[in-house]
Number of protein chains: 4
Amino acid sequence: MRFTTHKRVRFQHCDPAGIVFYPQFFYLLHEVQEDFLAGIGFPEHVLIAGGAGLPIVDLKTEFLGMCRNGDELTLTLELTRIGNTSIGMHYEVYGRPTAQGKASPIKLEADAVVVYAEVPSGKPIPIPDGLRAALLPYLQTLDNT
Amino acid sequence: MRFTTHKRVRFQHCDPAGIVFYPQFFYLLHEVQEDFLAGIGFPEHVLIAGGAGLPIVDLKTEFLGMCRNGDELTLTLELTRIGNTSIGMHYEVYGRPTAQGKASPIKLEADAVVVYAEVPSGKPIPIPDGLRAALLPYLQTLDNT
Amino acid sequence: MRFTTHKRVRFQHCDPAGIVFYPQFFYLLHEVQEDFLAGIGFPEHVLIAGGAGLPIVDLKTEFLGMCRNGDELTLTLELTRIGNTSIGMHYEVYGRPTAQGKASPIKLEADAVVVYAEVPSGKPIPIPDGLRAALLPYLQTLDNT
Amino acid sequence: MRFTTHKRVRFQHCDPAGIVFYPQFFYLLHEVQEDFLAGIGFPEHVLIAGGAGLPIVDLKTEFLGMCRNGDELTLTLELTRIGNTSIGMHYEVYGRPTAQGKASPIKLEADAVVVYAEVPSGKPIPIPDGLRAALLPYLQTLDNT
């Protein structure tokens, strides 16, 4: 199952060329992660208050299309792996179709690996069973890869 | 040859866990790119004013160690490729040695591909000869790979 | 009439003390301005594409309470003045009541003056009639001051 | 005595109109505060590690001129008041003279009040004597007001 959300490109995301300045995409992806975790019942701020965070260790991003101020984006998240302490996350960002009947153009694809870890030491700890069960429905299966 | 610069982790880079929030690293890497381009005589704001920018198309990052408020960082940039319209950039970020005689711990390694492109269309254009000549000394050679 | 919207404090807004780092409040206030302008039929990105922006010239802010990661905020905007080229904006930010029956605690109060201006020169120009008419219902009256 | 520092407007500070997006000025002012505190021997990250911070409670800003990507800025800080628990700070930001013999144009003037406070409770505490003594030379006197 894919977690899907929608966000609008804001003035604050855009650079003097009028397009999203690339680090800003990672704020948007982190918002998707926050929305996802809140949606499955484990809000990130509650995890952190409980002494655990999800620091990132690896990130691969392809920037496939420019996004401009005011663009409506669709962002999806699927999990590629749920390990003992780490989670693989696959993000896709789509713009609006440029004409009726056209497909939504892909703007960005990213693969992140985050680690469930103690805050503030950063020491990886096993993903608790409750969180693992809530993550599982979003694990990519062979069919939709 | 490596381009080397130094930056301090600022309050504004850090998150509630007291460490650099990962998108902030990309602001630092972009500052390195700006400092590099200014250092070789092609300040980015002059390029942009002249109608050309360097949008990113691909980025791979390994986050290898946490950085905290006040940390002194050493950041290096080397070019992995100078194509017709694209440039491969390799970044490394180091912290301070934790004790005398110890090596500087690596905190982050990143490989970016940027494209020399018209602003605002984003259409790739050949890297001009002057810029190419200024980039060349920073191209990674087999010896230091 | 007050324009009212709701936003959640995000991880990205918070600093090593776990509270909103103050410049981040201004991103939130600018989001309110964007949401307001879109709501009255004059999306900011359309104004800018048409050659006009709303640069700020004066800003007074009182920070009245700390906001933390995950806090649900209510943000209101009312206009204090609609001049020939300038607009006075009054913002209030409220948190959630700490107990049933309690009032929402105020977190921030801000007064901004923005100018309707040519982009990119920044030269003030008269507010067009259509925009003025759409702004008018949000002008503070004596009764609710 | 005025604390003076220099910063360059970066790509990341600028918006689609090519000018500094106003919340970014507050990152620059906070950098000035950090540089100042480090310069007088009380680095902010050391204060915070010791359980004290300087949250802002009041801020008045006049935006007097637009700043663009690549601009070299001079930023000054003077103290307007050193109270029992609070400090008044006066910032000025100047651009480069537009021609030889001309004065540096002022771009921004800001007055902030910060409070010496426990982290994370935010409870104001008296400014310690050592910090007070280090601040004192930067207190505005009648002569230079």
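Above this text you will find the structure in question.
We now turn to the structure provided with this report. (Residues numbered from 1 in each chain as written. Chains lettered and ligands numbered in written order. Predicted model: local features only at pLDDT ≥ 70, side-chain atom pairs only at ≥ 80, totals over all residues. Heavy atoms only, no water.)

### Describing the overall build of chain A
Move 1: Within chain A, the regular secondary structure consists of three helices and seven strands.
Move 2: Element order for chain A, N to C, with α for helix and β for strand: β-α-α-β-β-β-β-β-β-α.
Move 3: Taking 15 Å as the expected radius of gyration for a compact globule of 145 residues, we find that chain A reaches 16 Å, a close match to that expectation.
Move 4: With the C-alpha coordinates of chain A rotated into their principal frame, the extents come out at 45 × 35 × 25 Å.
Move 5: By residue count, 52% of the 145 residues in chain A fall in the buried class. (Helix = DSSP H or I, 4+ residues; strand = E, 2+ residues; numbered from the N terminus. Rg over C-alpha atoms; globule rule 2.2 N^0.38 Å. Buried < 20%, exposed > 50% of the residue type's maximum accessible area, 1.4 Å probe, protein only.)

### Concerning the pattern of salt bridges
Move 1: Under the definition given, this model contains 36 salt bridges over all chains.
Move 2: Of the charged contacts, one joins Glu 31 of chain A and Lys 7 of chain A as a salt bridge, the two residues approaching to 3.2 Å between their closest N and O atoms. Here Lys 7 of chain A lies in strand 1 (residues 3-8) and Glu 31 of chain A lies in helix 1 (residues 22-39), a separation of 24 residues in the sequence.
Move 3: Judged by its relative accessible area of 10%, Lys 7 of chain A falls in the buried class.
Move 4: Residues Glu 34 of chain D and Arg 10 of chain B are paired through a salt bridge, measuring 3.7 Å at the closest nitrogen-oxygen approach. (Salt bridge = Lys/Arg side-chain N within 4 Å of Asp/Glu carboxyl O.)

### With respect to the relation of the copies chain A and chain D
Move 1: By a simple turn and slide, chain A fits onto chain D: the slide is 0.0 Å along the axis, the RMSD is 0.0 Å, and the turn is 180°. On this basis, the relationship between the two copies can be described by a two-fold rotation axis.
Move 2: Of the interface residues in chain A, 100% have counterparts in chain D that sit at the interface too, so the contact is made through matching surfaces. (Least-squares fit on C-alpha atoms with pLDDT ≥ 70 in both. Contact = heavy atoms within 4.5 Å.)

### Description of the pairing of strand 3 (residues 56-63) of chain D
Move 1: Where strand 3 (residues 56-63) of chain C lies against strand 3 of chain D, five bridges are found, and the strand directions are antiparallel. Looking at the pairing, Lys 60 of chain C lines up with Lys 60 of chain D of strand 3 of chain D.
Move 2: As judged from the seven bridges shared by strand 3 of chain D and strand 6 (residues 106-115) of chain D, these two strands associate in the antiparallel manner. When the sheet's bridge partners are listed, Lys 60 of chain D is paired in strand 6 of chain D with Asp 111 of chain D. (Pairing = 2+ DSSP bridges.)

### Regarding helix 1 (residues 22-39) of chain D
Move 1: Taking 1.5 Å of rise per residue, the 18 residues of helix 1 of chain D would be expected to cover 26 Å, and the 26 Å separating its terminal C-alpha atoms lies within 8% of that figure.
Move 2: Two residues or fewer after helix 1 of chain D comes Gly 41 of chain D, characterised by a positive phi angle close to 95°. (Expected span 1.5 Å × (residues − 1).)

### With respect to the side chain of Thr 5 of chain A
All names here are of chain A.
Move 1: Here Thr 5 shows up in strand 1.
Move 2: Note on Thr 5: relative accessible area 12%, which makes it buried.
Move 3: In this structure, Thr 5 is in contact with Val 32, Asp 35, Leu 73, Thr 74 and Leu 75, ignoring residues within four places of it in sequence.

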